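A structural walkthrough
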Amino acid sequence: MQISPFDHIGSGGRLEERLRGHDVVLAAARAAQKRLGERSDAVSQLPPWNDVTLDLFEANLGEAVVLSFLRLSGQWPTRRPIADVVAIGRAVHRIGQLAGSRVAYATLAELPKVLMGIATTDELRTVLTALGQLAEEGPESLGLVLGRLERLLGHATPAGFSVWVSGGLRAAGGNATSRRAFFGLNDALSMRLLDGHGGAGDDFTRLEKRIGATMLALWNKKPRLRKLAAAAMPTIPRRASLAGGLLGLPGTCPGFEGKRAERLYLAAAAHAGAHLVHSNQRFPIGRLKPLQIALISLIEDARIEALALRDMPGLRQLWLPFHTATPSPQATAAGLMVRLARALVDPDYEDHDAWIEKGRTLFAAACDRRTDPLTSREIGGLLGNDIGQMRLQFNAKSYVVEPTYRDDNLALWDFGDQSDGQAQEIELPVDSVRIERRHDDEGDRPDDKAPPEESGRARARAIAVLDGLPVASYPEWDYAARIERPDWTTVLEADAAISPRAGDLLLDEVTTRRASTVTRDASIGRRQRYKGQYDGDTLDLDASIAFAIERRAGHFAEPRVYLRDAPGPRDLALLLLLDLSQSTADRDRSGRTILDVERKAAAIIATAAEAAADAIAVHGFNSDGRDNVRYLRIKSFEEDIDAVVHARLAGLQSSHSTRLGAALRHAGSYLSKRRAFRKVLLVLTDGEPSDIDVPDPRYLAEDARRAAHQLIRNGIDIFGFGLGQGPFSQLDRIFGQRRALRVPRIDVLPQRLVQLYTELKK
């Protein structure tokens, strides 16, 4: 159906009337509408298009912005609906109002470059929404993103781009300087988020356990698996890396998602295992050129895969789908190499290029010597000389190992003590590899004996120590984006300060005796019976009979004929976590602060646990942004409740905010190291989670809920006490209805704690 000129449509008439006197814009609008009017969806979509064009014109963004939108409309691809260009117009209108006409014009200039990579209307709206969010919350940074939009969307999916934008805004916490660093890609966190976008975490984390199991099943090898940390947006695709006994894998591989990503990581693990088994000799670099290094590495890849296929032919089904090279009349060095890689592993591949045929022939002729790595050096050297004679250019800086599952081959080479000049001559075209370091919780336990870690489980990662304060970083759950942002919060740990007012906290004799009496006889510890003892409470009948038989037979035997019962191990580990945020300084009607009651309750419960021979620790926390979650050690599991602990309790002060999720994860890391029949975390708080860099009141509550659930799944009981008259609307959601306890009268807190403690010990 053909659409008539403007005046036949209400919205078109208004636009025609408004553009009178602006001849250039009016002519461009008529031309764009004529083109759009030929579309099948014109009847329903032209009125909204007229409206958005009128809005852009009346927004005073300048004729350049309006003309740019009209040109885009006139050239709009036929495969895309008019609704998409209308959505772009509305987004540009909003961006112009928030960030200015120059940024609006830049948006229209950059969007056409990325449209080919945005397949659906939903993906386009996701990108536009993310740009609009950035314009609203960080307008000074939008230009930085637009200048890199093509590269960003080439590296991340539209959903990943949206997650990256929202993550950057959260990370900056309202600081414009931090936003510019993040969106200008000058922040390591920015690259880590961009590299690790996805639904519930990156592919490496999701598949880590399966990769380790595959290596063990195929090769009886269990290398330490590590994720390659993103240092900068790579100009060439990332590849796996074998170095120092570590198998490094990228967090994600752009273009591979879901089942395809799973097959890719398993193929990479199988190939790396073949290297560990069959690449038993490193090649000296000498004065080899980059082309020769790349070719020798390619032949070595084919050699170890041939040996692996000899023992396990089924691996061909895992590797072959990634070999997609086809014959081409255009001969380039990189193109010939990827075709040769397929020719050496795929017997059905046909390629009549003389160089590839020679490579196949040399490789087949060396079949009897295939266990010798020197054959790779020999064949690669010969083929490299041939490419040199063919005058084919080889760009070492842009070369990347193909196919995708193969590693960067750095582990094959012995660089020796090269001078700077030589190092430049043999520069390899691979990303510098940084491995995220992890430290085991139990001393120096070797990684190969460590149990595989669960995907998505909150776990600490040790970071560089600055003045002895930062000790660990933890993930944080973003409920809006539905992802767990890795290494998002930093915990700074210290011993609580000592105060001379410790005498105020010393319990009177009556209170001490009452707490001890209530808990001493209650025990979940199972008593142990020791047989065959020299002394004890009763006779061991079996040992007595055996002793009598030995005596009758004339043999000498020791009279170990008694049974002795003894208390079992200390099998309750209790950690009391105190909220030390500023709101705990509020006073009740009697003039006592919430923190005063927390101190008293901590002293009572610690005394009760000590009387029952149970392990108890008392810690406190507050926060000042995600990079400063302050965690205070008041009493450790090994310490007694003595004058020093009382002095630390007396020295506690109320300050800052309540980032509960990070504190729960760190407290859980302490409990996870304890050997106990039952592990319990008690949290005393007077309000909902909050922090200075989080405007959304639900965000930190959802993160704390996720942290609490993770602790419960790991076998740690957790209870939350809400102190005071607050509504505590999120308390039940964080801890669960059965684990959330309200204490409106804070003076009864010590009694409620002791009651819960005795229940736990039944």
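Here's a quick rundown of the structure. (Residues numbered from 1 in each chain as written. Predicted model: local features only at pLDDT ≥ 70, side-chain atom pairs only at ≥ 80, totals over all residues. Heavy atoms only, no water.)

**Observations concerning the overall build of the protein chain**
We apply this condition: Elements are defined by DSSP. Helices are runs of H or I of four residues or more, strands are runs of E of two residues or more, and each kind is numbered from the N terminus. Contacts were defined at the residue level, with two residues in contact if any of their heavy atoms lie within 4.5 Å. Using the Shrake-Rupley algorithm and a 1.4 Å probe, accessible areas are obtained, with residue cover drawn only from the displayed protein chains.
Looking only at helices and strands, the protein chain has 28 helices and 16 strands in total. Excluding contacts between residues fewer than 6 apart, the proportion of contacts in the protein chain whose partners are at least 24 apart in sequence is 71%. Counting every atom, the protein chain has about 36000 Å² of accessible surface; 50% of that belongs to carbon and sulfur.

**So, the sheet that holds strand β11 (residues 572–579)**
Filter applied, for reference: For two strands to be treated as a pair, DSSP must find no fewer than two bridges joining them. Convention adopted: a line fitted to C-alpha atoms gives each axis, helices being fitted over their contacting stretch, and angles between N-to-C directions are expressed from 0 to 180 degrees.
In space, the eight strands of this open sheet follow the order β6-β7-β13-β12-β11-β14-β15-β16, with mixed pairing throughout. Of all the strands in the sheet, the pair left with one neighbour each is β6 (470–478) and β16 (740–743). Here the strands of the sheet are splayed against their neighbours by 25 degrees on average, with no regard to which way each runs. The sheet contact formed by strand β7 (residues 483–495) and strand β13 (residues 629–635) spans five bridges and is parallel. Its bridge partner lying in β13, valine 491 is registered against valine 629. Across the face of the sheet, helix α23 (residues 594–611) comes into contact with β11, β12 (615–623), β13, β14 (678–685) and β15 (716–723) while running at roughly 170 degrees to β11.

**Examining the sheet that holds strand β3 (residues 246–250)**
With respect to topology, three strands assemble into an open sheet ordered β1-β3-β2, the strand pairing being mixed. A strand with exactly one partner marks an edge of an open sheet, and here the two such strands are β1 (224–228) and β2 (241–243). Each strand axis lies, on average, 30 degrees off the axis of its neighbour in the sheet, ignoring direction. Note that β1 and β3 share five bridges and pair parallel. Each bridged residue has a counterpart across the sheet, and for arginine 226 the counterpart in β3 is glycine 248. Docked against the sheet, helix α13 (residues 203–219) engages β1 and β3, running at close to 150 degrees with respect to β1.

**Some thoughts on a nonpolar patch on the surface**
Our working definition: Note on patches: the residues involved have over 30% relative accessible area and no salt bridge, like charges join within 9 Å, and the nonpolar side chains Val, Leu, Ile, Met, Phe, Trp and Tyr join within 5 Å. Within this document, salt bridges are pairs made up of a side-chain nitrogen of Lys or Arg and a carboxyl oxygen of Asp or Glu, the two lying within 4 Å of each other.
On the surface, Leu539, Leu541 and Tyr562 cluster together into a nonpolar patch covering about 300 Å² of accessible area. Residue position: tyrosine 562 is located in strand β10 (residues 562–566).

**Details of the packing of helix α8 (residues 139–146) against helix α11 (residues 176–183)**
The description of two packed helices rests on the angle between their axes and on the distance between the axes. The line we're drawing: Throughout, the term roughly parallel applies to angles under 35 degrees, roughly antiparallel to angles over 145, roughly perpendicular to angles from 65 to 115, and oblique to all others. Only Asp, Glu, Lys and Arg are considered charged, only Ala, Val, Leu, Ile, Met, Phe, Trp, Tyr, Cys and Pro nonpolar, and every remaining residue, Gly among them, polar.
Closest axis-to-axis distance for the α8/α11 pair is 9 Å, and the angle between their directions is 10 degrees. Accordingly, the angle class assigned to the pair α8 and α11 is roughly parallel. Residues Glu140, Ser141, Leu144 and Val145 of α8 form the contact with α11, whose own contacting residues are Ala176, Arg179, Arg180 and Phe183. Among the residues making up the contact of α8 with α11, the classes are represented as four nonpolar, one polar and three charged.

**Some thoughts on the packing of aromatic side chains**
Rules: Pairs were defined over the aromatic rings of Phe, Tyr and Trp, the Trp ring being its six-membered one, requiring ring centres within 6.5 Å. Orientation was assigned from the angle between planes: stacked under 30 degrees, edge-to-face over 60, tilted for the rest. Only protein chains enter the area calculation, which uses a 1.4 Å probe; residues under 20% of their type maximum are buried, those over 50% are exposed, and those in between are partly exposed. In this scheme, Lys NZ or Arg CZ marks a charge over a ring once it lies within 6 Å of the ring centre and within 35 degrees of the ring normal.
One pass over the structure, following the stated rule, counts ten aromatic pairs. Their ring planes at 20 degrees and their centres at 6.4 Å tell us that tryptophan 49 and phenylalanine 69 sit as a pair that is stacked. Placement of the pair is tryptophan 49 in helix α3 (residues 42–58) and phenylalanine 69 in helix α4 (residues 63–74), with a sequence separation of 20 residues. As far as burial versus exposure is concerned, tryptophan 49 and phenylalanine 69 are alike and both buried. On the numbers, 5.0 Å between centres and 75 degrees between planes, the contact of phenylalanine 182 with phenylalanine 183 is edge-to-face. An aromatic cluster is built from Phe161, Trp164, Phe182 and Phe183, whose rings are joined through pairwise contacts. If you follow arginine 560 out to its NZ or CZ, it ends over the ring of tyrosine 534, 4.7 Å from the centre. The cationic tip of arginine 739 hangs over the ring face of phenylalanine 719; the distance from NZ or CZ to the ring centre is 5.7 Å.

**Here's the deal with the nonpolar core**
Quick note on the threshold: Only buried Ala, Val, Leu, Ile, Met, Phe, Trp, Tyr and Cys residues count toward a nonpolar core, and they belong to the same one when joined by side-chain atoms within 4.5 Å.
Ranked by size, the top nonpolar core spans 69 residues in total, and within it Trp49, Ile88, Phe161 and Trp164 carry the most contacts. Among the elements that line this core, the one with the most residues is helix α5 (residues 82–99), at eight residues. Among residues more than four places away in sequence, those in contact with isoleucine 88 are Leu72, Trp76, Leu108, Leu111, Leu124 and Leu128. Formed by 39 residues, the second largest nonpolar core is a distinct cluster that contains Val597, Ala612, Ile616 and Leu749.

**A word on α11**
Which entries qualify depends on this criterion: An arc is given here, and it is the one of the directions from the helix axis to the C-beta atoms. Pairing of N or O atoms within 3.5 Å defines a polar contact, subject to two protein rules: one partner must be a possible hydrogen donor and the other a possible acceptor, and residues neighboring in sequence count only if both atoms are side-chain atoms.
Listing the buried residues of α11 in full gives Arg179, Phe182 and Phe183. What you see down the axis of α11 is that its buried residues fit within an arc of 80 degrees, all on one side. Between the side-chain oxygen at the start of α11 and the backbone nitrogen of threonine 177 there is a gap of 2.9 Å, and the oxygen is on asparagine 175. Phi for leucine 185, located one or two positions after α11, is positive at around 65 degrees.

**Things to note about the packing of helix α18 (residues 354–365) against helix α19 (residues 374–389)**
Heads up, the rule is: Crossings are classed by handedness, with left-handed meaning an anticlockwise turn of the near helix from the far one by less than a right angle and right-handed meaning a clockwise turn.
Where α18 contacts α19, the two axes come as close as 10 Å, and the packing angle between them is 165 degrees. Here α18 is positioned roughly antiparallel relative to α19, judged by the angle of their axes. Judged by the sense of rotation from one axis to the other, the crossing of α18 with α19 is right-handed. Contacts between α18 and α19 involve Trp355, Lys358, Gly359, Leu362 and Phe363 from the first element and Ile379, Leu382, Leu383, Asp386 and Ile387 from the second. For the contact of α18 with α19, the per-class residue count stands at seven nonpolar, one polar and two charged.

**A word on empty space enclosed by the protein**
The criterion, for reference: Points on a 1 Å grid over protein atoms alone make up a cavity when a 1.4 Å probe fits among them but cannot get out, and a pocket when they form an open set with protein on both sides within 12 Å along at least five of seven lines; lining residues each have an atom within 4 Å of a point. Grid points are joined across faces, edges and corners, and a volume is the space filled by probe spheres set on the points.
All told, the structure shown has five cavities of 30 Å³ or more when counted by the stated rule. Its boundaries defined by the atoms lining it, the second largest cavity holds a volume of some 60 Å³. Along its surface, the second largest cavity is lined by Arg238, Arg239, Ala240, Leu249, Pro250, Cys253, Leu264, Tyr265, Ala268, Thr404 and Tyr405. Among the elements of the structure, β3 and α14 (259–278) are those that each provide at least two residues to the lining of the second largest cavity. Its residues assigned to classes, the lining of the second largest cavity shows eight nonpolar, one polar and two charged.

Purely geometric stuff here, so don't read any function into it on its own.
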